[in-house]
Amino acid sequence: MRAAFRFLGRGSWLARRDPRVPLLVALTYVTATTQLRDIRHLLVALVLAFTYYAMAQIPWRAVRVQWTYLVIVVAVFSSLNAILTGGGAGSFEGEETHVLFTLPLGIEVTAEGVSLAATRFVRFLGIAAVSFPVAYAIAPGDLGLALRRLHLGDRFSVMVDLTVRFIPTIAHEFSETLDAQRVRGYDPTARTGGLLARVRRVTPLFVPVTVGSLAGAEDTIDAMDLRGFGTGKRVWYRQLHMDAASWVVVLAFLLFLALATYLSLTGQSAHYLLPFLVT
Amino acid sequence: LSFRYQRRAEPALRDVSFEVAPGEVLLVAGPSGCGKSTLIRALNGLIPHSYRGDLSGTVRVGGLDTRTTPLRGLAPVVGTVLQDPTRQVVASTVPMELTFGPENLGVEREEIGRRLARVGAESGLEPLMGRTTDELSGGESQQVAIGGSLMLEPRLLVLDEPLANLDPVAASRLLALVRRLADGGTAVVVVEHRIEDVLEARPNRVLYLEDGAVQFLGPMDGFLASADPTAVKLPFEAWLGRVRAGELPPGVPDADRPSHRRNGAAPRLEWRDVDAGYDDRPVLHDVSASLGRYERVAVLGPNGSGKTTLFKSAIGLRPLTAGDVLVDGVTTAGQSVAERASTFGYVFQNPSQMLFAPTVRDELLFGPRNVGRATEDHDQIVSVALARVGLSDEEDGLEGRPPRTLSHGQQKRLAIAVALALEPRTLVLDEPSAGQDYRSATAFMREVGRIAGLESVYFVTHDVDLALTQADRIILLREGRIAADGAPLEVIADRERWIACNLRVTSLMEANLRWGAHSGAFLGPQALATLAAAAELGGGTDHP
Amino acid sequence: MTTVAQSQPQAAPSPWSITTRTIVYAAIGAAIMGFMNSLTYGIGIPGTEIQVRPHYGILTFFGFAFGPIVGFITGFLGGVIGDHLTGYGAFTAWHWSVANGLVGLIAGLFPFAMASRMTSTGSKALVAAVAGVVAVIIGFLFIFIELIIQPELGFEYILTIEYIPVVIANCIAAAVVTPILVLAWDPISEQLGR
Ligand SMILES: Nc1ncnc2c1ncn2[C@@H]1O[C@H](COP(=O)(O)OP(=O)(O)OP(=O)(O)O)[C@@H](O)[C@H]1O
Ligand SMILES: Nc1ncnc2c1ncn2[C@@H]1O[C@H](COP(=O)(O)OP(=O)(O)OP(=O)(O)O)[C@@H](O)[C@H]1O
Ligand SMILES: [Mg+2]
Ligand SMILES: [Mg+2]
């Protein structure tokens, strides 16, 4: 049950930069691409996202499973949109929609629908590419520090670090509880019984993990109170320094955000109908 | 000092008065629930700042009154290390855990840096500095937790049952650190049941609590002379002294040792060249052993040597990567975990982890209902299981109570009753003595041995004397391999191998090697003391 | 001698006060939701494509038992971590994580609004079920932000393909699991003694 933020990008160029970089890049990229509609703009954005992703040098075989899952899920959702939204409710001005073919249930698959789906697919792929380094290219423990240096407050930053600390503990307690219940003939995946019975069947797993962790939290709370947590001005020992390279990356993405906002506000990033679909 | 928790009728502390001088190690001992942890909360200010209740009397630490000084003011004066170190570590990396305290108190950066270097060197934390906290073992987590407290440069350090889940090597490293701190001028209060194991730190004085009140406060040797050895784990010399002085009735060796009777049948549990482990970590390497149907077997070995994995692989919770496991001579390949549960009752290292049902009764019936026991048997299953672990007579209405509101000791017994509810013929216990005081641990194991219908008991433990006195056979595990397998006296004969498995040579072992060698069995302290006293009267110490 | 308690076991005195207990409970909630979200496990509603994910009942429990702040962080951070661990990318579906957070937050407001009706553990469990269902219905309305960020989907699609199935599934999870957890937690929190 390996569930944790594994520092796969250890030693990479990006990992040596300031840990605030991946956070700022993800924030700006998501804000920018949400405004862009034109697939050509998004394709340019995708190139930018993947050059950035390459800086994290995350070993491919370690994330192969994640990427395949991601591509399948995003592809399925996007194609589902294409089929069901038809013309995309007026995303395209003027002419009527071009029907490519109709599915057995009379659902029309249109050129507009397909190009909308492609647009969404490219957007999501880019966002995923900038999201991976947030988890894999920030050294363990730096996430809380980076959030604090982004002025999100002492308590929130410590809390995020505490959450990352608890994930492997919760995963271990979950597998220990599952072992203990299996010895008593418990099978969480049993298909017998009605819907409500099957939902209730998770109780022997959920109660120990949830209530057990909460009962155990008393010691954590005492340990933090005893070391003066949340009782006044807090200093953070390690300092962060945005070196030139870090600034270059952040500024590049801020520039991209400004450009995207400009294009979107001036209406120059409308949905683009893929020409090869209609000729 | 007296204190009563808000929702409790009985006070947890009654009229406790004592002092701890700089450089002194005070040992606080006493049975479960006698108020040790409450005393510690009064010292570090959690009472009254975090725990509500009736507090009378005063506590002054480093000249500060804990009632009027906020926790922020007390933090640089009193450092506390709680019983479960993994819950005390809050940061993701070791350096961040160490700097957590000074950061909260706003200590400026250069000073934190200096302290980090000093504490890292003094408490031997250098090798751990690069580690993340989720990879640390129990012993390493405790070292980091202690470091975290020392970073605040306390004048008083308090440790609540620090030896609970440490193997002896980690334990003596901790006790050496405690003594070094005391010699350096820090006052240290250590709460611990196992008196003998703490002697290494040479405590100056002992405070013995019973039911919240001070029964003894004085030097260690005075305590050893007067304490009741059946209540607290004392060195063998204390037993010998009591028996010699006639203060204790002569002890008779356990008569009902079933050891080798009726063992002709096929072995209950057999590993044949077994390899097992976790996805990225092989643990057991080519393990072969066979445990008798009527035997009581103890498995000992350092932390992480694979003791838990050994039994998890036996009952099918961990897949075998090689070899085979046989139960009663039949291979278990293809058998489900539930099928094996009819033979083996398994009680986990953290017994309360599995408790989930709304009432004790439902908790006991969860297993039987899953394997399809008839409803008319249910009442009988519940009453028999509770009676076998001595829970039925404790208080009425226990059946209807939520399991997690029971005391720690009661939850442990309930976990065994839950295993017994499936009527297994063999019971597997992982660390039965963890978190229990000496008297209840030994009584507990003796009762388990006498449960009706139970043919054999296999248990994993760090408590050397418990293993040697309660088992017919000892298995030593080291780095996933069987290092030794035989009767207690045979296994302890090879001292180097014993120490290589991180095991301590206890005073009872020395005494058995000296006086008990001819009796053919490893004797408990009372029986051995009687033998030794008689031998002394007869002139020769090794009188046959 | 009145002793001022720094942290309360039950919901904080005012919904928005933050103590060490709030921080630790929020971290535990987010870790549990993050881990459970990464397990691709659901129970299909017969005759539909909808998969019920029982652990959403844990989200509404954390909100209901420990207040809106713990609820929001459990939902939001749990969503972000869950998406990362499954490989979907931490911020790919950021608006769904915000919706999860709102579900937790709304569930956390109920105990303050309906304190009078929660006399016994049983009544508390009932109110918890109602709180969970209402929180899911209102919280996931945030999904309609897609009308702004992905207008091409259209109201129809967002309502029938995204909103309704998720609300149905999570209402069932909340209604069944939240009361179970409240019934399990209530007696223990009484005993915490502070
Ligand atoms: N948080 C609490 N709220 C209410 N009562 C408590 C609390 N903690 C302990 N008590 C009660 O106070 C008494 C003393 O408990 P305490 O934990 O101090 O004993 P202990 O010697 O530390 O026990 P152990 O050896 O099992 O750790 C017990 O009756 C216990 O039930
Ligand atoms: N769930 C797990 N996932 C990965 N590794 C594990 C898991 N459980 C145990 N291990 C590793 O397997 C090795 C053996 O673990 P095991 O628990 O069998 O040792 P043990 O002898 O029981 O230790 P202890 O005395 O601390 O209980 C250890 O190095 C441990 O870190
Ligand atoms: Mg205690
Ligand atoms: Mg173990």
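Residues numbered from 1 in each chain as written. Chains lettered and ligands numbered in written order. Predicted model: local features only at pLDDT ≥ 70, side-chain atom pairs only at ≥ 80, totals over all residues. Heavy atoms only, no water.

Concerning the pairing of strand β17 (residues 426-430) of chain B
Regular strands place their side chains on alternate faces of the sheet. All names here are of chain B. How we decide: Throughout this description, buried means an accessible area under 20% of the type-specific maximum (1.4 Å probe, protein chains only), exposed means over 50%, and partly exposed covers the range between. The helix and strand labels rest on DSSP assignments: H or I over at least four residues marks a helix, E over at least two residues marks a strand, and numbering proceeds from the N terminus. At least two bridges found by DSSP between two strands are what make those strands a pair.
Across the 5 residues of β17, 5 count as buried, placing the element largely inside the fold. Of the two faces of β17, both are covered, the one formed by T426, V428 and D430 as well as the one formed by L427 and L429. Here strand β16 (residues 344-347) runs beside β17; their pairing, made up of 4 bridges, is parallel. Among the inter-strand pairings, F344 is bridged to a residue of β17, identified as T426. Here β17 runs beside strand β18 (residues 456-460); their pairing, made up of 5 bridges, is parallel. Opposite V428, over in β18, you have Y458 as the bridge partner.

With respect to the site of ligand 2
Put simply, the rule reads: Proximity is defined per residue: any heavy atom of the residue falling within 4 Å of a molecule or strand makes that residue near it. We define a polar contact as two N or O atoms separated by no more than 3.5 Å, with the added condition that, inside protein, one atom must be a possible hydrogen donor and the other a possible acceptor, whereas residues neighbouring each other in sequence contribute only through side-chain atom pairs. Surface exposure here means Shrake-Rupley accessible area, sampled with a 1.4 Å probe, where a residue is shielded only by the protein chains that are shown. In this classification, the charged set is Asp, Glu, Lys and Arg, the nonpolar set is Ala, Val, Leu, Ile, Met, Phe, Trp, Tyr, Cys and Pro, and all remaining amino acids, among them Gly, are polar.
In the vicinity of ligand 2 there are 15 residues, among which B:G304, B:K307, B:T308, B:T309 and B:Q349 approach most closely. One finds residues of chains A and B in close proximity to ligand 2. Taking B:N303, its side chain carries an N or O atom lying 3.1 Å from an oxygen atom of ligand 2. B:Q349 places a polar side-chain atom, nitrogen or oxygen, 2.8 Å from an oxygen atom of ligand 2. Burial of ligand 2 by the surrounding chains reaches 71%, relative to a free accessible area of 630 Å². If you list the elements that add at least two residues to the shell around ligand 2, you get β12 (281-291) and α12 (307-314) of chain B. Here the shell around ligand 2 takes 3 residues from α12(B), the largest share from any one element. Residue classes in the shell around ligand 2 are distributed as 3 nonpolar, 9 polar and 3 charged.

Here we look at the interface of chain B and chain A
Selection rule: In what follows, residue pairs with any heavy atoms lying within 4.5 Å of each other are defined as contacts. Here the buried area means the combined drop in accessible surface, using a 1.4 Å probe, for two parts upon being joined, counting both sides. Between Lys or Arg on one side and Asp or Glu on the other, a salt bridge is scored when a side-chain nitrogen of the former is within 4 Å of a carboxyl oxygen of the latter.
Each side of the interface is counted separately: chain B has 59 residues, and chain A has 48 residues. In this assembly, chain B packs against chain A so that about 4800 Å² is buried in total across both faces, 58% of it on carbon and sulfur atoms. Of all residues in chain B, B:R87, B:R109 and B:Q353 bury the most surface against chain A, accounting for 14% of the area lost on that side. The tally of links from chain B across to chain A stands at 5 salt bridges.

Focus on the sheet that holds strand β10 (residues 213-219) of chain B
Residue and element names in this part refer to chain B. Put simply, the rule is: Note on geometry: axes are lines fitted to C-alpha atoms, helical ones only across the stretch in contact, with angles between N-to-C directions running from 0 to 180 degrees.
With respect to topology, 6 strands assemble into an open sheet ordered β6-β7-β8-β2-β9-β10, the strand pairing being mixed. Taken across any chain shown, the strands that pair with only one partner, and hence form the sheet edges, are β6 (78-81) and β10. Across the sheet, the mean angle separating the axes of adjacent strands is 15° when strand polarity is ignored. Along the sheet, helix α7 (residues 138-150) makes contact with β6 and β7 (156-160), crossing β6 at roughly 170°.

Quick word on the sheet that holds strand β11 (residues 269-278) of chain B
Residues and elements named next belong to chain B. Pairing within the open sheet is antiparallel, and its 4 strands lie in the order β12-β11-β14-β15. Because the sheet does not close on itself, it has two edges, and the strands there are β12 and β15 (330-331). Two elements, strand β14 (residues 320-327) and β15, share 2 bridges in a ladder whose sense is antiparallel. Each residue of the ladder has a partner; that of V327, found in β15, is V330. Lying over the sheet, α12 contacts β11, β12 and β14, oriented at roughly 115° with respect to β11.

A word on empty space enclosed by the protein
Residues and elements named next belong to chain B. As a reminder of what qualifies: For cavity detection a 1 Å grid was placed over the protein atoms alone, and a set of points counts as a cavity when a 1.4 Å probe fits there but cannot get out; an open set counts as a pocket when protein lies on both sides within 12 Å along at least five of seven lines, with lining residues being those that have an atom within 4 Å of a point. Grid points are joined across faces, edges and corners, and a volume is the space filled by probe spheres set on the points.
What the rule picks out here adds up to 12 cavities of 30 Å³ or more. Its boundaries defined by the atoms lining it, the largest cavity holds a volume of some 230 Å³. Looking at the largest cavity, it is lined by 18 residues, and the ones nearest its centre are L166, R194, D197, H462 and D463. Residues belonging to the lining of the largest cavity are distributed by class as follows: 7 nonpolar, 3 polar and 8 charged.

Brief notes about helix α6 (residues 109-122) of chain B
All names here are of chain B. Basically, it comes down to this: To estimate the expected span of a helix, count its residues, drop one, and scale the result by 1.5 Å.
For α6, built from 14 residues, the straight-helix expectation of 20 Å at 1.5 Å per residue is met to within 8% by its first-to-last C-alpha distance of 20 Å. Along α6, the residues that are buried comprise E111, I112, G113, R115, L116, V119 and G120. Buried residues belonging to α6 abut α5 (94-104) and α7. Looking at the residues trailing α6, positive phi occurs at G124, about 60°.

Section: the site of ligand 1
Taken together, 18 residues surround ligand 1, and among them B:R8, B:G33, B:K36, B:S37 and B:T38 come closest. Ligand 1 is flanked by residues contributed from chains B and C. Between ligand 1 and B:G33, the relevant distance is 2.9 Å, taken from an oxygen atom to a main-chain nitrogen or oxygen of the residue. Separating an oxygen atom of ligand 1 from a backbone N or O atom of B:G35 is a distance of 3.2 Å. Out of a free accessible area of 630 Å², ligand 1 has 75% covered by protein chains.

Thoughts on α7(B)
Note on helix geometry: an α-helix contains 3.6 residues per turn, so any two residues three or four positions apart are oriented the same way. Residues and elements named next belong to chain B. End to end, α7 covers 18 Å across 13 residues, agreeing with the expected 18 Å (1.5 Å per residue, within 8%). The buried fraction of α7 is high, at 11 of 13 residues. G139, S141, Q142, Q143, V144, A145, I146, G147, G148, S149 and L150 are the residues of α7 that are buried. Contacts made by the buried residues of α7 are with β6, α4 (85-88), α5, α6, β7 and α8 (168-183).

Describing the interface of chain A and chain C
Between chain A and chain C, the contact holds 67 residues from the first and 59 residues from the second. A buried area of about 5700 Å², summed over both sides, lies between chain A and chain C, and 77% of it is on carbon and sulfur atoms. Among the ionic pairs, A:E218 bridges to C:R21, the shortest N-O distance being 2.9 Å. There are 7 residue pairs in polar contact (both at pLDDT 80 or more) connecting chain A and chain C. Taken together, the elements giving at least two residues each to the side of chain A that touches chain C come down to α1 (20-35), α3 (60-85), α4 (111-136), α6 (154-182), α7 (195-200) and α8 (203-226) of chain A.

Observations regarding the nonpolar core
This is how the line gets drawn: Within this scheme, the nonpolar core is defined by two criteria: the residues are buried Ala, Val, Leu, Ile, Met, Phe, Trp, Tyr or Cys, and they are joined through side-chain atoms within 4.5 Å.
Grouped together as the largest cluster of nonpolar side chains are 146 residues, with contacts concentrated most on C:Y25, C:F61, C:F62, C:F66, C:F140 and C:W185. In terms of residues, this core owes the most to one element, helix α7 (residues 154-191) of chain C, which gives 16 residues. In contact with C:W185, not counting residues within four places along its chain, are A:V211, A:L214, A:A215, C:Y25, C:F61, C:F66 and C:L192. One finds B:L240, B:V287, B:V457 and B:I475 within the second-largest nonpolar core, a separate group that totals 96 residues.

Observations regarding the layout of surface pockets
By volume, the second largest pocket amounts to about 1400 Å³. Lining the second largest pocket are 37 residues, and of these A:Y69, A:F77, C:R53, C:W96 and C:V166 sit closest to its centre. Elements with a contribution of two residues or more to the lining of the second largest pocket: α3 and α4 of chain A together with α3 (68-86), α4 (94-113) and α7 of chain C. Residue composition of the lining of the second largest pocket, by class: 18 nonpolar, 13 polar and 6 charged.

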